[in-house]
Amino acid sequence: MRPRTLIAAAGAALLLAGPVALAFYSGGFFTEPRLVAALAAWLLVLLLAIAGPAPVPRAFPGWLAVSGLALLTVWSAISISWAPLRGPALESVERLLLYLGALLVGIGVLRDRRALRAVEPAVAAGAAIVIGYGLSGRLLPGLIHLAHSARAGGRLEQPITYWNAEGALAAVGFVLCARIAGDPSRRPVTRALAAAATAPLGAGIYLSYSRGAIAAACVGLVLLVALAAGRAQLRAALVALVTGVVAAACSSAFAGVASLHGSLGDRERDGALMLVILVVLAVVAALVTLGRGGLRDEPLPGGRRLAAVAFAAVGLVAVGLAVGGLQEKVSAADLATAKATRLTTVESNRYEYWRLGARAFADHPFGGLGAGGFRTYWLNHRPIKETVQNVHSLELETAAELGVPGLLALGAMLTGVGLAARRALERERALAVGVTAAAVVWLLHASIDWDWQLPAVTLPAITLAGALIALSERLPARRVERVEPAHGGDHPAHRRGVVAAD
């Protein structure tokens, strides 16, 4: 194997398998695993720069995204000089360096079409592995013993150790599986396996009791169908939705699975029953998908308008989640308990975090508090007795800690990825649909939680961003029309077709 090929393979492995490994180290939240990952990423950037393919963008959207993330990293490093705590500020810079290195590796490696094709199934499989591990302690409690923190209150938290992050990762995987199951270009066995994985992923979303993850997954499915605008994708999304809903409903029926309540014997019984149900659901979803064998896609009526409607729905959901709970209060007992009633309201203490984050930005609009500085601001001004380190919103935390320059850098990064997604959908729609929908799912959840601080959840999104940038740089197929000869005949010179630009 040539060195260039070997380096590209190592880069793809880092992007697609690295986040799964980090998930088993508390999601990569702590310093040592994060530093190891960052060093590996930048080593690959160096090797790619030497041997190729060069890990730099080739078009404006990619340059805007990379420049935005680089400026965010540099400004965070500068802010250490006024940050209240040096340790958390350094951790923020380390994390940003990891993300920047991973994005550059993605841009360099994912120009290969085989690597691009592997992104959706690899990220989906990674999510299924992580969620499946967390579910194993509930389904087989007598054999597998996982740690459970009192703060989680019975919610699905392992191995990342934060329940909402588990829900976010499950939602990303769920939407990607729905896409793979409805992609006519995939092999039937691949589509069947993806459909089967929606059963444990659907249960994982529910058992995290993350309202944001549930909302993001639903919006992701709507956006997926709208972008694909095909009947095959609609059928696959419906199969995924039904499978996920049934898995969630069955999970809620067993206390040992839903909230870890009961004796070991009770939990073993509940877990065994739920395991059988999940297997049956997975098999049924796979068989339904296989039953359509040679999948043929047909356009949905009004397909061109569906994308605009779906993006409007994304905005409405985001606004609804924020506005709907601003006037609500919540008791500590309700927040600390894993129960289905939490899903009937949008009340949360995070609205207090957001209010104080906005206040911090108003107090320090230019430089911000400094990287990692919100925790000290919270302790000095908190309206409730709770220890909090993050604003629980990527945009608000950037505003509070890095001020206007940080917001501009973050906006440049997100705008670059958005422009890349638009161009990718125009040029390689089949490959870009699932990646775009899953990236939106992550962004929605990161806007209302602290996913940015957990590399195991954010690195898959960085990989998706790298895939969109790589897709946006591919030359579109050239479409030319048939020219009828003046005197009839069917000479090859009179026919024009579609020329692929690979």
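Report follows, based on the coordinates. (Residues numbered from 1 in each chain as written. Predicted model: local features only at pLDDT ≥ 70, side-chain atom pairs only at ≥ 80, totals over all residues. Heavy atoms only, no water.)

Before going further, it helps to spend a moment on the environment of leucine 224. The residue leucine 224 is located in helix H8 (residues 211–228) in this model. Since its relative accessible area comes to 0%, leucine 224 is described here as buried. In the structure, leucine 224 is positioned 211 residues away from valine 435 in sequence and 9.3 Å away in space, judged by C-alpha atoms. (Helix = DSSP H or I, 4+ residues; strand = E, 2+ residues; numbered from the N terminus. Buried < 20%, exposed > 50% of the residue type's maximum accessible area, 1.4 Å probe, protein only.)

Turning next to the packing of aromatic side chains. Under the counting rule described, the total for this entry stands at 13 aromatic pairs. Seen from their ring centres, phenylalanine 29 and phenylalanine 30 are 5.1 Å apart, and the 85 degrees between their planes marks the pair as edge-to-face. What makes phenylalanine 29 partly exposed here is its relative accessible area of 22%. Geometrically, the ring pair formed by tryptophan 75 and phenylalanine 366 is edge-to-face, given 5.8 Å between the ring centres and 80 degrees between the ring planes. Taken together, the residues span a long stretch of sequence, with tryptophan 75 in helix H3 (residues 60–79) and phenylalanine 366 in the loop between helix H14 (350–363) and helix H15 (374–381) at a distance of 291 residues. Ring pairing ties together the aromatic residues Phe29, Phe30, Tyr162, Trp163 and Trp450, which thus form one cluster. (Phe/Tyr/Trp six-rings, centres within 6.5 Å; stacked < 30°, edge-to-face > 60°.)

The subject of this paragraph is the side chain of serine 136. Mapping serine 136 onto the fold places it in helix H5 (residues 113–139). When its relative accessible area of 13% is taken as the criterion, serine 136 is described as buried. Discounting residues that sit within four places of it in the chain, serine 136 has contacts with Pro141, Ile144 and Leu146. (Contact = heavy atoms within 4.5 Å.)

Here we take up helix H2 (residues 31–51). The end-to-end C-alpha distance of H2 is 30 Å, a good match for the 30 Å that 21 residues give at a rise of 1.5 Å each. The set of residues buried in H2 consists of Pro33, Arg34, Ala37, Ala38, Ala41, Leu44, Val45 and Leu48. Down the axis of H2, the buried set is contained in an arc of 135 degrees. They therefore lie on one face. More than 90 degrees from the buried face of H2, the exposed residues found are Glu32, Val36, Leu39 and Ile50. Tucked into the core, H2 has its buried residues touching helix H1 (3–23), helix H4 (86–109) and helix H18 (455–472). Two residues or fewer after H2 comes glycine 52, characterised by a positive phi angle close to 85 degrees. (Expected span 1.5 Å × (residues − 1). Arc of directions from axis to C-beta.)

By themselves, these figures tell us nothing about what the structure is for.
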